[in-house]
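Coordinate analysis (summary)
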Amino acid sequence: MHQFHTLPFDNTYVRLPDVFFERVTPTPFPHPHVVSINPAVAELLDLTPDAMQYPTFAEYCCGAKPLPADTLSRCWMQAIRSATMSHS
């Protein structure tokens, strides 16, 4: 079982061509807090039962603490438009 910060992230989008995403720095949400917890989701993610109770969980989820993975913004419409234009 994992704590949130030790989850093995594999961001597959980072292996796509650059037109599909943009590297970004998250804008943190001020004063994050957990409103509701779903124990079934914690189990699916292999999180320890108390992992979502720590204040750092909310900080990771809202961008206040960086995740141990590349932070990307997906650009689907731009990518589709570029792919369509290159095949015209």
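Reading guide: rules and limits
Residues numbered from 1 in each chain as written. Predicted model: local features only at pLDDT ≥ 70, side-chain atom pairs only at ≥ 80, totals over all residues. Heavy atoms only, no water. Helix = DSSP H or I, 4+ residues; strand = E, 2+ residues; numbered from the N terminus. Buried < 20%, exposed > 50% of the residue type's maximum accessible area, 1.4 Å probe, protein only. Contact = heavy atoms within 4.5 Å. Areas by Shrake-Rupley, 256 points an atom, 1.4 Å probe, with all protein chains shown as cover. pLDDT = per-residue confidence, 0-100.

1. Let's talk about the overall build of the protein
Helix and strand counts for the protein come out as three helices and two strands. In the protein, the order of α-helices and β-strands from amino to carboxyl end is β-α-α-β-α. Buried positions account for 18% of the 88 residues belonging to the protein. For the protein, long-range pairs separated by at least 24 residues make up 82% of all intrachain contacts whose partners lie at least 6 apart in sequence. Total accessible area on the protein stands at roughly 6,700 Å², and carbon and sulfur atoms take up 59% of it.

2. Observations regarding the environment of Tyr-60
As for its position among the elements, Tyr-60 is in helix H2 (residues 55–62). Residue class for Tyr-60 comes out buried when judged on its relative accessible area of 14%. Considering only alpha carbons, one finds Tyr-60 and Pro-28, 32 residues apart in sequence, at a separation of 9.2 Å. Contacts of Tyr-60, omitting those with residues within four sequence positions, involve Phe-4, His-5, Lys-65, Pro-66 and Leu-67.

3. A closer look at H2
Every buried residue of H2 is listed here: Phe-57, Ala-58, Tyr-60 and Cys-62. Trailing H2 by a residue or two, Gly-63 shows a phi angle of about 95°, which is positive.

4. So, unusual backbone geometry
With phi around 55°, His-31 is a residue other than glycine that occupies positive phi space. Tracing the backbone through its elements, the reader meets His-31 in the loop between strand E1 (21–23) and helix H1 (39–44). Even without being a glycine, Asp-46 presents a positive backbone phi close to 60°. Relative to the helices and strands, Asp-46 resides in the loop between H1 and H2. According to the relative accessible area criterion, Asp-46 is partly exposed, its value standing at 32%.

5. Side note on the confidence of the model for the protein
Averaged over all residues, the pLDDT of the protein is 74; the fraction at 70 or higher stands at 75%. Summarising per-element confidence for the protein, the mean pLDDT is lowest in helix H3 (residues 76–86) (55) and highest in H1 (85).

6. A closer look at the environment of Asp-46
Considered as a pair, Asp-46 and Met-1 are 45 residues apart in the sequence and their alpha carbons are 5.1 Å apart. Apart from residues lying up to four places away in sequence, Asp-46 is in contact with Met-1 and His-2.

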